[in-house]
Amino acid sequence: MTTMRRATPFSDTLLRPAGPVGGIINREQLRRITAKLAKQITDAQNEARRLRPAFDLDAFDGLVGPRSAETWEGLEVPQQRRVLDGLGVRLRVHPVARRGPGFDQSTIELEWVRTGD
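About the criteria used
Residues numbered from 1 in each chain as written. Predicted model: local features only at pLDDT ≥ 70, side-chain atom pairs only at ≥ 80, totals over all residues. Heavy atoms only, no water. Helix = DSSP H or I, 4+ residues; strand = E, 2+ residues; numbered from the N terminus. Buried < 20%, exposed > 50% of the residue type's maximum accessible area, 1.4 Å probe, protein only. Contact = heavy atoms within 4.5 Å. Areas by Shrake-Rupley, 256 points an atom, 1.4 Å probe, with all protein chains shown as cover. Salt bridge = Lys/Arg side-chain N within 4 Å of Asp/Glu carboxyl O. Patch = residues over 30% accessible without salt bridge, like charges linked within 9 Å, V, L, I, M, F, W, Y side chains within 5 Å. pLDDT = per-residue confidence, 0-100.

Q: Let's hear about the overall build of the chain: which residues, and what values?
A: In terms of regular secondary structure, the chain is built from four helices and two strands. Ordering the α and β elements of the chain from the N terminus gives α-α-α-α-β-β. The buried share of the chain, reckoned over its 117 residues, is 15%. Partitioning the contacts of the chain with sequence separation of at least 6, the portion at a separation of at least 24 is 42%. About 9800 Å² of surface is accessible on the chain, with carbon and sulfur atoms providing 56% of the total.

Q: Which residues make up the pattern of salt bridges, and what values do they have?
A: On inspection of all chains with the given rule, the structure shows six salt bridges. Notably, a salt bridge pairs R92 with E109, separated by 4.0 Å at the nearest N-O pair. Note that R92 is positioned in strand β1 (residues 89–93) and E109 in strand β2 (residues 108–112), a separation of 17 residues in sequence. What makes R92 partly exposed here is its relative accessible area of 35%.

Q: Account for a nonpolar patch on the surface, naming residues and giving values.
A: Among the surface-exposed residues, L91, V93, F103, I108 and L110 lie close enough to one another that they form a single nonpolar patch of about 530 Å² accessible area. Listed by contribution, the elements that provide at least two residues to the nonpolar patch are β1 and β2. Its location among the elements puts L110 in strand β2. Given a relative accessible area of 60%, L110 falls into the exposed group.

Q: Got a sec to walk through the side chain of T107? Specific residues and values, please.
A: Inspection of the secondary structure puts T107 in the loop between β1 and β2. Once residues lying within four places of it in the same chain are set aside, the contact partners of T107 are R92, V93, H94, P95 and V96.

Q: Requested: an account of the confidence of the model for the chain, with residues and values cited.
A: Averaged over every residue, the pLDDT of the chain is 78; the share at 70 or more is 74%. Considering each helix and strand of the chain separately, the mean pLDDT is smallest for helix α1 (residues 3–15), with a value of 61, and largest for helix α3 (residues 68–74), with 91.

Structure follows, in structure tokens:
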């Protein structure tokens, strides 16, 4: 159950009459019920914020599955950067020391910038 769905019953309870149909509660009961539920709602919302990914999941659309390489190739550079940022990876391309044909892998640096929180 997601945290936001867990918070919903608290909100619903806060809005629903506290006693049996036609029942009456006094001001002190209402104050205690409201305080308890407000704290539970706040705690659940804080937990949902804490667990929410710190990156845009939409950046990963189409990047899982057999066509992920094709999707990656079709992305613009800013879109590729969003994906790398979401993964917590920094990519640096250093100046090339030599000229000519071929790919110099030593000019590429990948660094993990995000650790498990």
